[in-house]
Amino acid sequence: MTPATTFAGRKVALFGLGGSGLATVRALLAGGADVLAWDDSPESQARARGEGVTVSDLREADWSGFAALVLAPGVPLTHPEPHWTVGLATAAGIPIIGDIEIFCRERAAAASKAPFVAITGTNGKSTTTALIAHILREAGRDVQMGGNIGTAILSLEPPAESRVHVIELSTFQIDLTPSLAPSVGILLNLTPDHLDRHGTMENYAAIKERVVARADLAVVGVDDAYCAAIAGRRGAPRLRVHVEGHGSAEGDLIARDGRVFDRDGRVLADVNGIGSLRGAHNWQNAAMAVAVAQALGIEGEILAAALTSFPGLAHRMEQVGRRGKVLFVNDSKATNADSTEKALLAFRDVHWIVGGKAKEGGIAPLAPLFDRVAHAYLIGASSDAFAQTLEGRVPYTRCDTLEVATAKAAEAAAASPAAEPVVLLSPACASYDQFRNFEIRGDRFRELVKARPD
């Protein structure tokens, strides 16, 4: 835990008692703060009380005495409209912050030179975060990994000059972190996402830019117009990462054909043959990780060995098994077409399990990659719409459930003349029509694969 000592003796309002909210309450109390915590959900209130947290309705509180409102990242700050606590805090003239801001204040107060790597972007941030943490651990560093990737930042050990914090950040978290100034800030890419919470693409991009704006070293992917503009505004020290074939930008690091090069053409890393880093999108992730590793003095054989041993992340192009010549890949985290595009680009002879609660645009943007799909297996609420998109372009079977789709895809792939057919769960949809979250969906697919005979 990182005790929130910068709020010692001060009164703090906190809204949102999920995992990160409860971790923040513990950190504030450990640091000597007086906390009034609340959540609109009776279930969250009960869970917090069960853990010994004092729950107080903030509607009845005297806001003039609060030093800050700590808001959970899932709670609307600006769009579609501010949460009621935001209105009360604004009227009282108190700052609205999140748990990442508390960490940043602790770092500034106790260990301002402590290494802090912050990673954001629309796609790839979890893999890049995990890859960087893995490389640093393999090099013998004391690493704390968390943030948006799963472990609340204040549940991690405190910042120290001998310890590296590798933290994934969402826009919701960044928006609540006014003092963000990491040692290394990474911005991978930007495509439209969460616009219901940020209003416009320009506002979304401006929030993401904060990760690199005040970083000691900025590492920016430059293969989309928004990131290229951000890189142009950012002065040195800055590294631009370009994936060849994705736009015409110039890069300080170039990813091409599974390798990472510097500007002089020297090979810095080779990820060919590493299953967990398959695909051009992972070349960008690897290039970002190489930039951080070099900045922290890790290269050569240590870096190469760490890349080779990276196990990847669950539900993100996860190779969950082989049955004969058939490879089964769990990409349940692909909840939109842009994410699924990365998986389809990585394989051919694909038996594609697709569907769920569709996002705007559906799978129409994937039409240029339909020639990679041998057969599509439709599941969930999107089946009718996706059948219309695929009609006359890709053979498809309506399966309704993941269980039926997995069985049919496995049988067809095993009978395929292809040398290495792939059964790919990459739904391009949210899971909420049939599964509570994408993790449960991916876990079920993994179970189904493991249950199949060799």
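Residues numbered from 1 in each chain as written. Predicted model: local features only at pLDDT ≥ 70, side-chain atom pairs only at ≥ 80, totals over all residues. Heavy atoms only, no water.

Per an unreviewed UniProt entry, the protein goes by the name UDP-N-acetylmuramoylalanine--D-glutamate ligase and belongs to Methylobacterium organophilum. Listed under Sequence similarities (unreviewed entry) in UniProt, the entry text for the protein is "Belongs to the MurCDEF family." In its Pathway (unreviewed entry) section, UniProt records this for the protein: "Cell wall biogenesis; peptidoglycan biosynthesis." (UniProt positions renumbered as here; feature names shortened; annotations may be inferred.)

Asker: Explain the packing of aromatic side chains to me, and be specific about the residues and the numbers.
Answerer: The final tally for this structure, using the stated rule, is 4 aromatic pairs. Aromatic pair Trp63 and Phe66: ring centres 5.1 Å apart, planes at 80°, arrangement edge-to-face. The same class applies to Trp63 as to Phe66, namely buried. The ring of Trp84 has Arg59 lying over it, and the distance from NZ or CZ to the ring centre is 4.1 Å. We note Lys333 situated over the ring of Phe438; from NZ or CZ to the ring centre the distance is 5.6 Å. (Phe/Tyr/Trp six-rings, centres within 6.5 Å; stacked < 30°, edge-to-face > 60°. Buried < 20%, exposed > 50% of the residue type's maximum accessible area, 1.4 Å probe, protein only. Lys NZ or Arg CZ within 6 Å of the ring centre and 35° of its normal.)

Asker: Provide a residue-level description of the UniProt feature "binding site: ATP" (unreviewed entry) in the protein, including the pertinent values.
Answerer: Per the UniProt record, "binding site: ATP" (unreviewed entry) is annotated on Gly121, Thr122, Asn123, Gly124, Lys125, Ser126 and Thr127. Mapping Lys125 onto the fold places it in helix α5 (residues 125-138). With sequence-adjacent residues up to four places away left out, Lys125 is seen in contact with Ile119, Thr120, Asn148, Glu168, Leu169, Leu188 and Lys208. At 3.4 Å, the side chain of Lys125 forms a polar contact with the backbone oxygen of Thr122. With residues up to four places along the chain from it excluded, the contact list for Ser126 reads Ile149, Glu168, Leu313 and Arg316. (Helix = DSSP H or I, 4+ residues; strand = E, 2+ residues; numbered from the N terminus. Contact = heavy atoms within 4.5 Å. Polar contact = N/O pair within 3.5 Å; in protein donor to acceptor, adjacent residues only side chain to side chain.)

Asker: Go over the sheet that holds strand β11 (residues 253-256) with me, naming the residues and quoting the values.
Answerer: The strand order β6-β7-β5-β8-β9-β10-β11-β12-β13 describes an open sheet built from 9 strands, whose pairing is mixed. Only two strands of the sheet have a single neighbouring strand rather than two, namely β6 (142-147) and β13 (267-270). On average, each strand axis in the sheet is tilted by 15° relative to the strand beside it, whichever way the strands run. Alignment of β11 against strand β12 (residues 259-262), held across 4 bridges, turns out to be antiparallel. Bridge pairing links Ala255 to Val260 in β12. Sheet contacts for α5: β5 (116-120), β6, β7 (163-168) and β8 (184-187); angle to β7, the most-contacted strand, approximately 165°. Sitting on the sheet, helix α9 (residues 225-233) is in contact with β8, β9 (217-221) and β10 (238-243), with an inclination near 155° to β9. (Pairing = 2+ DSSP bridges. Axes fitted to C-alpha atoms, helices over the stretch in contact; angles between N-to-C directions.)

Asker: Can you tell me about the side chain of Asn336, naming the residues and giving the values?
Answerer: Examined against the element boundaries, Asn336 turns out to sit in the loop between β15 (326-330) and α12 (337-346). A distance of 2.8 Å separates a polar atom in the side chain of Asn336 from the backbone nitrogen of Ser339. Once you skip the residues sitting within four places of it in the chain, Asn336 turns out to touch Lys359, Ala428 and Cys429.

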